[in-house]
Every structure is written in C-alpha cells, then in structure tokens.
Amino acid sequence: PEDLSGNTNLSSFIILIAPAWDYVEMGPTIGTDFADIRKLMDQMDLENHLLQIDPIGSVEKNAEIVAKEIVNFSSSSKKAIILVSGSSSSPSVAHALGEILNTEQLDCVKGWFNAVGILQGASFIDFFMRRPIRWGFHAFLKFKKWDIANVESMSTRIRRDRFQKVQIPENIFILNYLSIPLSGNISQFARLSYKIIRKQGPNDGSALIVDTIAPNGISIVSFGTDHF
C-alpha cells in the first residue's frame, strides 16, 4: 500500500506490539516481551505501545483484547497503526484482523509485521497432546499453572481450521519474518521440539515453516536462527 511502503516517516504511525507467550515471566530470557525492539523504537522516537494481552491466555481471548486495543487507539489518535507480533501472539492478531474487526474498524491499520508467528499452530503441542505422553504434559502444565485449553488453542489441530476462516484485508501490508535453522545451530529452547517435528518437514523449532507464513505478504528469511 502506498500509504505504508511509500511513507518512510515512521513517526506518523503508532506501533502496537503484541507480546508472545509468557512474556511477563520469560520475556527477559527469550525476548517474548520485545524489550530490545521497544528500546530501539524509543531511541528512534517512534511511538510504540505494548498491548497488555494475557501472558498465558488462549489465542481467542487475546484476539479479543487485540481487537479492542486497535479500536481504542484508532479512536484516540489520528496516527495510522502498524502491528507487530511474534510466535503465539500472531494468530491472535490474525484472528482480530481477519475475523473480529470490520473494514471500517480496520481503516487505521496499515501494516502487520508477523515474526515467526505460529499462525497455523505449533506442531510440537500436538505431539504432547497424544496419549500416553499427554498425561505427563498435563502434569507439567499444572505445575506451571498454565491452563490446558489455552495451550491447546495453539495446536495445529485447532489453528489450521480457524486460520482458513481468516480474511485479512488486502490493503494491510504484511511482512513475514521467518527463521530457518540448521540442525547444528538449534538453541537450547528449541532443541527438543525441533527433533520432535523434524520428520514433518522444515521447521523453526516450534512450528513448520509453512505454518508461520501469512498469505498475500512479503517474507524475509533469517537462515541459521530458530524460533527463539
């Protein structure tokens, strides 16, 4: 769209950032709170806001929060909106843009940066939901105080069907950021899940690469890096 790609003055936009899973506790460790990016934006005097989504909430619950925040910011500012999301927050943004909000409500949204978003689910979650492994997985989730249904909302079993219903307006510029690791440079956070879903196809240590791409957008690739 001309109003985004033709406008290099980012100060004319509000950048809304949807943080990823467990960003309150794990953010400082694995970057799910986008702290480094927010610091850089602050240094560049770019108006940015971290959306207060539920750190361990379901995709659907957080999609409702994202939708409300878009409406709130669009009504309180004359600036256009660019959305930034990563990993678990990307399907929430996709759901908000493609199912919840109408064309008029989305008029202010000009761009979406989707970083390694598990748009069609995280394949390793499906693995851990199988019997008999799921009983141990459920015990782990209970220990972490994570709701099983919220975690399962990120599975491919649920997300792939829901994503087929998502229709994001074509005037919203989409930029996908993909990580494509090599087997020799998998981080400690992705090592187990990478091995689990390796037989399914190329993956970033959380999801299949094809499941992280929003259609009708432009993709940039980072070779040698994984999901984290």
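Residues numbered from 1 in each chain as written. Predicted model: local features only at pLDDT ≥ 70, side-chain atom pairs only at ≥ 80, totals over all residues. Heavy atoms only, no water.

### A word on the side chain of D204
Point 1. Examined against the element boundaries, D204 turns out to sit in the loop between helix 10 (191-197) and strand 6 (218-223).
Point 2. No salt bridge is formed by the buried D204. Its closest oppositely charged neighbour is R160, at 11 Å.
Point 3. Within the local environment of D204, its side chain forms a polar contact with the backbone nitrogen of S206, the two atoms lying 2.9 Å apart.
Point 4. When residues no more than four places from it in sequence are discounted, the contact partners of D204 are V116, S179, P181, A190, I209, T212, D226 and H227. (Helix = DSSP H or I, 4+ residues; strand = E, 2+ residues; numbered from the N terminus. Buried < 20%, exposed > 50% of the residue type's maximum accessible area, 1.4 Å probe, protein only. Lys, Arg positive; Asp, Glu negative; His and termini not counted. Salt bridge = Lys/Arg side-chain N within 4 Å of Asp/Glu carboxyl O. Polar contact = N/O pair within 3.5 Å; in protein donor to acceptor, adjacent residues only side chain to side chain. Contact = heavy atoms within 4.5 Å.)

### Quick notes on the pattern of salt bridges
Point 1. Counting across every chain of the model gives 7 salt bridges.
Point 2. Notably, a salt bridge pairs E60 with R159, separated by 2.9 Å at the nearest N-O pair. Separated by 99 residues along the polypeptide, E60 in helix 4 (residues 59-76) and R159 in helix 9 (residues 156-163) bring together distant segments of the chain.
Point 3. Judged by relative accessible area, which is 23%, E60 ranks as partly exposed.
Point 4. For R159, a relative accessible area of 3% puts it in the buried group.
Point 5. The salt bridge partner of R162 is E99, with a shortest N-O separation of 3.3 Å. Of this pair, R162 sits in helix 9 while E99 sits in helix 5 (residues 89-100), and the two are 63 residues apart along the sequence.
Point 6. Of the residues examined, R162 reaches a relative accessible area of 22% and is grouped as partly exposed.
Point 7. Here E99 falls in the partly exposed class, since its relative accessible area comes to 30%.

### Description of the packing of aromatic side chains
Point 1. Counted according to the given criterion, the structure contains 8 aromatic pairs.
Point 2. Between the aromatic rings of F113 and Y177, the centroid separation amounts to 6.4 Å while the plane-to-plane angle is 65°, which identifies the pairing as edge-to-face. Taken together, the positions of F113 in strand 4 (residues 109-115) and Y177 in strand 5 (residues 173-180) put the pair 64 residues apart, joining distant regions of the chain.
Point 3. In this structure F113 comes out as partly exposed when scored by relative accessible area, which is 22%.
Point 4. Given a relative accessible area of 28%, Y177 falls into the partly exposed group.
Point 5. Clustering of aromatic rings is evident, with ring pairs tying together W21, F124, F127, F128, F137, F140 and W146. (Phe/Tyr/Trp six-rings, centres within 6.5 Å; stacked < 30°, edge-to-face > 60°.)

### Things to note about helix 7 (residues 133-144)
Point 1. For helix 7, built from 12 residues, the straight-helix expectation of 16 Å at 1.5 Å per residue is met to within 8% by its first-to-last C-alpha distance of 17 Å.
Point 2. Contacts made by the buried residues of helix 7 are with helix 6 (123-128) and helix 8 (148-152).
Point 3. Looking one or two residues beyond helix 7, the residue adopting positive phi is K145, at roughly 65°. (Expected span 1.5 Å × (residues − 1).)

### Some words on the side chain of S87
Point 1. Among the structural elements, S87 can be located in the loop between strand 3 (80-86) and helix 5.
Point 2. Owing to a relative accessible area of 16%, S87 belongs among the buried residues under this scheme.
Point 3. Setting aside residues no more than four positions away along its own chain, S87 makes contact with A20, A115, V116, G117, I118 and H227.

### As for helix 9
Point 1. When we look at burial in helix 9, the residues that qualify are T156, R159 and F163. Down the axis of helix 9, the smallest arc covering the buried residues is 75°, so these residues share one side. In helix 9, the exposed residues that point more than 90 degrees away from the buried face are R157 and D161. (Arc of directions from axis to C-beta.)

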